[in-house]
There are 2 protein chains.
Amino acid sequence: MKRKSTHEPYVHGRSDREAERLNYQASKLAGLLHHDTRYSPGSRVLEAACGVGAQTTILAKNSPGAEFVSIDISPDSLVKAKLRVSHEGITNVTFLQGDVFHLPFGPETFDHIFVCFLLEHLPDPLLSLKCMKETLQPGGTITFIEGDHGSALFFPDSMDAHKVIDCLVHLQREMGGNALIGRELWHLMTDAGFTKVAVSPRIVYADASRPEFVEGVKNIFIAMVEGVREQAIARHLVDSETWEKGIRDLYCTTEQDGTFCYTFFKATGNKES
Amino acid sequence: MKRKSTHEPYVHGRSDREAERLNYQASKLAGLLHHDTRYSPGSRVLEAACGVGAQTTILAKNSPGAEFVSIDISPDSLVKAKLRVSHEGITNVTFLQGDVFHLPFGPETFDHIFVCFLLEHLPDPLLSLKCMKETLQPGGTITFIEGDHGSALFFPDSMDAHKVIDCLVHLQREMGGNALIGRELWHLMTDAGFTKVAVSPRIVYADASRPEFVEGVKNIFIAMVEGVREQAIARHLVDSETWEKGIRDLYCTTEQDGTFCYTFFKATGNKES
């Protein structure tokens, strides 16, 4: 649900508001997505495509003895990431501009690699895995976290709500990405030759008894879908009436009787030693 | 994914093969669905709609000091359930024929009620909740477990695979049920006036690193969909070529590169004391 690794337009844009959404998302999902990621002191960790640093601060705080190198293709995002990390007093992160397809590192440089919400934006995710694998030490681990918009399940169900989500899926696919990539982590990692691959789904469920999660659905998921309104209507993927109805229906799922589920996928694997 | 509470035809049928599928399903999912259900010694527990007893044996073994009354509308299913329970040497279950809309018990008879894979088959699930609530002691708990076929998420994705699943959803709806009911447990329980309602999704994920789950996808989910082939084709919901292609595509998700996810919903609530 985040950044992209080329200079081509990024489906969610790179506005300050989007940076805020990404930071909010990362903080709300930190427990669910990061609780089982800890790197031992002294280990060298590459965070590939750190964007505005939303995951970086969580990673670096959770493994204060590890040394992180966080790269991103976008200089503007890196400026935001550096500011954020320095604002939090974090000192174990070095930032570098770089592209996951042309990593500025020699082979076997890192003990671990961490990648969150990147693959969904790449035209050739498998190639990116192979490139990253090169920079990993034998025996090192790689971790991926991705969403899958096909997992959105809600009540009241609504055709129009699915249509507006499909607009985002469609636009992302046109830009070379894949918003349904979570379910593909297994084959991507095994095809790239990683061993001990383990994929685990992480489900977010919101109903009125969990007001924090309900706010998350509005401020993370629905806000993300709303972000492609102009593009979707300009490209005639949907008319504006259907769009408004679909968004209204998504908000209905956050009301008293509503429920909303979304599944993230986390995968870990090893480079054979 | 199971039984029905009237004498009308039951979407999955009541064959021996179906009973076997239900028992296999229950044993495979016992940890996921039952690990947090334990009843204290001496408590009186109603299992509403026990079917062939697939969940009964798990329930009764997990809470050996509790006294279970397991009811079902179908005398044939009850015969199978009794045999199964006696075969396992279980002695804390009494079976009774009964309908959840006309329960043969006075008010406030039970300390707890347990219901699994029933609501999806009922024409008026909310009414059934209200009927069951009558028989519950103030302060007693009720537990529901239901699937939601809209949660099926798989790779490789396939339009035809979704079409065959939709046939089952459609046939179940025609018979007055709702195969997408998992997402509705929250509002059903709050609308029925239960308090402290807590819903938790339970996701099953299968890839080639988890061969037991892959077998489960074949023997539970795909077998269940295959069970409505004749009806679906006879009702012209799909042509036989699309059907075969959809089923083949479902089996593809159980091969080396494939993944398959399904989400169950478990909900607990209290009757106000």
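Predicted, not measured: the structure shown is a model, and the values here were computed from it.

(A) Molecular detail of the pairing of strand β2 (residues 67-72) of chain A. Residues and elements named next belong to chain A. Of all six residues that make up β2, five are buried, and the element is covered over most of its length. By the bridge criterion, five bridges tie strand β1 (residues 44-48) to β2 in an arrangement that is parallel. For Glu47, the partnering residue across the bridge sits in β2 and is Ser70. After leaving β1, the chain enters helix α2 (residues 56-62) and then returns to the sheet as β2, a path that is right-handed. As paired elements, β2 and strand β3 (residues 93-97) share five bridges and run parallel to each other. Bridging across to β3, Asp72 finds its partner in Gln97.

(B) Up close: unusual backbone geometry. Phe155 of chain A connects to Pro156 of chain A through a cis peptide bond whose omega is 0°. Topologically, Pro156 of chain A is positioned in the loop between β6 (153-155) and α5 (159-174). The backbone of Ala49 of chain B shows a phi angle near 70°, a positive value even though the residue is not glycine. Inspection of the secondary structure assignment puts Ala49 of chain B in the loop between β1 (44-48) and α2 (54-62). For Ala49 of chain B, a relative accessible area of 5% translates into the label buried. A positive phi is found at Lys196 of chain B, a non-glycine position, where the angle reads about 50°. Mapping Lys196 of chain B onto the fold places it in strand β7 (residues 195-206).

(C) How the structure looks around the relation of the copies chain B and chain A. Expressed as a screw operation, the relation of chain B to chain A combines 0.0 Å of axial shift with a rotation of 180°, fitting to an RMSD of 0.0 Å. The superposition operator between the copies reduces to a two-fold rotation axis. For chain B, the residue whose C-alpha comes nearest the rotation axis is Ser151 of chain B, separated from it by 3.4 Å. Interface overlap between copies: 100% of the residues of chain B at the interface are likewise at the interface in chain A, consistent with a symmetric, same-surface contact.

(D) Structural context of the packing of aromatic side chains. Taken as a whole and assessed by the stated rule, the structure comprises 16 aromatic pairs over all chains. On the basis of an interplanar angle of 85° and a centroid distance of 4.9 Å, the ring pair of Phe105 of chain A and Phe110 of chain A is categorised as edge-to-face. Take Phe105 of chain A: its relative accessible area is 18%, and that puts it in the buried class. Relative to Tyr262 of chain B, the ring of Phe221 of chain B lies with its centre 5.5 Å away and its plane at 50°, an arrangement referred to as tilted.

Rules of the game
Residues numbered from 1 in each chain as written. Chains lettered and ligands numbered in written order. Predicted model: local features only at pLDDT ≥ 70, side-chain atom pairs only at ≥ 80, totals over all residues. Heavy atoms only, no water. Buried < 20%, exposed > 50% of the residue type's maximum accessible area, 1.4 Å probe, protein only. Helix = DSSP H or I, 4+ residues; strand = E, 2+ residues; numbered from the N terminus. Pairing = 2+ DSSP bridges. Right-handed = clockwise from strand over helix to strand, strands pointing away. Least-squares fit on C-alpha atoms with pLDDT ≥ 70 in both. Contact = heavy atoms within 4.5 Å. Phe/Tyr/Trp six-rings, centres within 6.5 Å; stacked < 30°, edge-to-face > 60°.

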